[in-house]
Amino acid sequence: MVGKAALPAVVVPSDDPVDATRSLVRDGDVLLVVGPGHEPSLVDVCRRTPAWGVETIWIGAGDRPDAALADHLVWTDDDPARVSVDGRLILVYHLLWELTQVCLEHAGRQLAEPEPSHDVCITCADEALVAEVVDVTDGAAVVRLQGTTTTVDTTLVDTPRPHDLVLVHAGIVLSTLDEPVAAT
Amino acid sequence: MAEPSGFLYPMTTADDGASRAGDMGDLLDDLAASATAKAVESATTTAASIADHESELAALAAGMADRIGAGGRVFTCGNGGSATDAEGVAALFREPPRGRPVPALSLVSDLAIVTALANDVGFERVFARQLRVHARPVDIVMGFSTSGNSDNVLQALRAGHDDGLLAVGFAGDRGGEMAVADFLDTCLVVSSTSIHRIQEAQSALAFDLWGRVQDLLERESANTVHDPGGAA
């Protein structure tokens with residue numbers, strides 16, 4: 001808009017949102033999802049965002065997605081057939097843009113990131129992270145993990161395929177995640 | 001846009017002075033208060049727009065239902081956010097949550113056509129040229145422009161009117177050129193100077209209009225067996 005900061009934003013082509021988003025996003029990007037909570041392609045995109053290092057905001061109405069799929073849900077329980085076309089979902093993304101511009105105009109007083117609570121060592125605490133396989137070699141795989149690319153050991157599991165989601169702990173793939181189940 | 005349009009973008013200015021001196025907690029409070037105020041303004045603007053245009057909406061719905069009953073289709077167009085809204089309205093008619101699906105096409109959807117016409121003919125003709133090819137006199141064209149001054153939308157509405165279509169303009173602020181155009185059957189003006197509030201209210205107006213059209217189509221289906229030979 002005239003007089004406001006131009007922000008780098010792109011519409012993800014919707015014919016194959018998973019492939020398109022994978023190509024577009026980089027570590028630190030924000031993905032704004034607008035759509036039904038159980039749309040399989042949207043669910044599949046969102047379950048991959050931790051591997052890509054992407055923060056997600058999901059706007060919608062009606063049945064909610066699994067809360068773990070998005071960092072922020074902006075949701076109304078009103079009739080989705082109505083609010084998606086009568087201007088009310090449009091209001092939500094308009095507000096996000098307007099408030100983002102307010103924050104940018106207060107440069108130097110940006111809101112601080114919440115402190116990550118790493119009192120516990122991830123490796124020692126048995127915490128496994130979701131990663132997306134980029135390429136596979138003998139006994140190892142290159143994966144996207146929390147927004148960075150790294151090589152992990154795959155000797156404990158059947159050889160994964162590119163784009164599979166795997167659980168990684170201490171540099172080792174512990175398991176391959178199943179395909180998302182539609183309409184949970 | 002060729003003309004000064006800064007007056008259409010006041011949405012964040014009200015927050016500037018009040019919060020600049022505050023700390024981070026104050027900024028969060030300001031953001032929350034601002035979001036609430038804007039949401040209330042959106043709802044108020046929307047309700048007022050529908051109430052102010054009650055008689056126009058009723059008459060327009062009757063005209064649209066007549067044409068749709070006679071095989072008419074709906075074409076929509078707009079630029080930027082209004083292009084998104086135009087696509088949404090076309091999809092609403094084509095794939096409705098209830099009632100009869102109505103053939104509807106957004107003139108912004110075909111990127112190859114839009115860029116070809118913009119490159120070869122001129123951006124002001126990207127919608128009118130498509131309409132001239134596709135439309136028949138029984139059809140309807142709906143153009144969305146927050147200023148009421150978008151040249152390519154105005155040209156589409158004029159071309160539609162000249163070809164016998166029902167031409168409907170959605171504008172904002174004081175209606176711009178749409179408000180004084182002699183080629184519009186109906187002009188629905190959202191009385192606001194905020195681009196975003198105008199777009200939200202325009203979508204609500206279009207949704208209200210769609211509901212009225214569906215009610216009339218249902219009544220028609222219940223009362224009569226339509227004579228397919230009656231198309232204009």
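This one's a predicted model, so the numbers in the text were calculated from it and none came from an experiment. (Residues numbered from 1 in each chain as written. Chains lettered and ligands numbered in written order. Predicted model: local features only at pLDDT ≥ 70, side-chain atom pairs only at ≥ 80, totals over all residues. Heavy atoms only, no water.)

### Section: the overall build of chain A
- Scanning chain A from N- to C-terminus turns up four helices and eight strands.
- What you see in chain A, going N to C, is helices and strands ordered as α-β-α-β-β-α-α-β-β-β-β-β.
- Buried residues in chain A amount to 37% of all 184 residues.
- Once local pairs closer than 6 in sequence are excluded, the contacts in chain A between residues at least 24 apart make up 49%. (Helix = DSSP H or I, 4+ residues; strand = E, 2+ residues; numbered from the N terminus. Buried < 20%, exposed > 50% of the residue type's maximum accessible area, 1.4 Å probe, protein only. Contact = heavy atoms within 4.5 Å.)

### Concerning the pattern of salt bridges
- This structure, assessed with the given rule, holds 23 salt bridges over all chains.
- The closest approach of N and O atoms between Glu98(A) and Arg197(B), which form a salt bridge, is 2.9 Å. Of this pair, Glu98(A) sits in helix α4 (residues 88-105) while Arg197(B) sits in helix α9 (residues 195-223), each in a different chain.
- Since its relative accessible area comes to 0%, Glu98(A) is described here as buried.
- Residues participating in the shared-partner salt-bridge network are Asp19(A), Arg22(A), Asp44(A), Arg47(A), Arg48(A) and Glu132(A). (Salt bridge = Lys/Arg side-chain N within 4 Å of Asp/Glu carboxyl O.)

### A closer look at the side chain of Thr49(A)
Residues and elements named next belong to chain A.
- By the element assignment, Thr49 lies in helix α2 (residues 40-52).
- You can call Thr49 buried: its relative accessible area is 2%.
- Residue contacts for Thr49: discarding those within four places in its chain leaves Leu31, Val54, Thr56 and Leu69.

### Here we look at helix α6 (residues 126-134) of chain B
- For α6(B), the set of buried residues is Val126(B), Phe127(B), Ala128(B), Gln130(B) and Leu131(B).
- Turning to α6(B), the residues buried within the fold contact β1 (74-78), α5 (111-120), β3 (140-144) and α7 (151-162) of chain B.

### Looking at the packing of α6(B) against α7(B)
Residues and elements named next belong to chain B.
- The contact between α6 and α7 brings their axes to 7 Å, and the two run at 25°. Overall, the two elements α6 and α7 adopt an arrangement that is roughly parallel. Between α6 and α7 lies a crossing whose hand is right-handed. Between α6 and α7, the residues in contact are Val126, Phe127, Ala128, Leu131 and Arg132 and Asn152, Val153, Gln155, Ala156, Ala159, Gly160 and Asp162, respectively. (Axes fitted to C-alpha atoms, helices over the stretch in contact; angles between N-to-C directions. Parallel < 35°, antiparallel > 145°, perpendicular 65-115°, else oblique. Left-handed = near helix turned anticlockwise from the far one by under 90°.)

### A short note on the sheet that holds strand β3 (residues 72-76) of chain A
All names here are of chain A.
- As summarised here, the arrangement of the three strands in space is β1-β2-β3, forming an open sheet in which the pairing is parallel. Either end of the sheet is taken by a strand with one partner, and the two such strands are β1 (30-34) and β3. Between one strand axis and the next, the sheet turns through 10° on average, direction left out of account.
- Taken together, the five bridges between β1 and strand β2 (residues 55-61) define a ladder with parallel strand orientation. Each residue of the ladder has a partner; that of Val33, found in β2, is Trp58.
- On the sheet, α4 packs against β1, β2 and β3 and is oriented at approximately 150° with respect to β2. (Pairing = 2+ DSSP bridges.)

### Digging into the pairing of strand β5 (residues 140-145) of chain A
Residue and element names in this part refer to chain A.
- Among the six residues that make up β5, five are buried, leaving the element largely enclosed by the rest of the structure.
- Inspection of the sheet shows strand β4 (residues 129-137) paired to β5 by six bridges, in the antiparallel sense. Directly across from Glu132, in β5, lies its bridge partner Arg144.
- As consecutive antiparallel partners, β4 and β5 are separated by two residues, and within that stretch Gly139 has a phi angle of approximately 75°, a positive value.
- Sheet topology note: the β5/strand β6 (residues 148-153) ladder contains six bridges and is antiparallel. Along β6, the bridge assignment pairs Ala141 with Val152.

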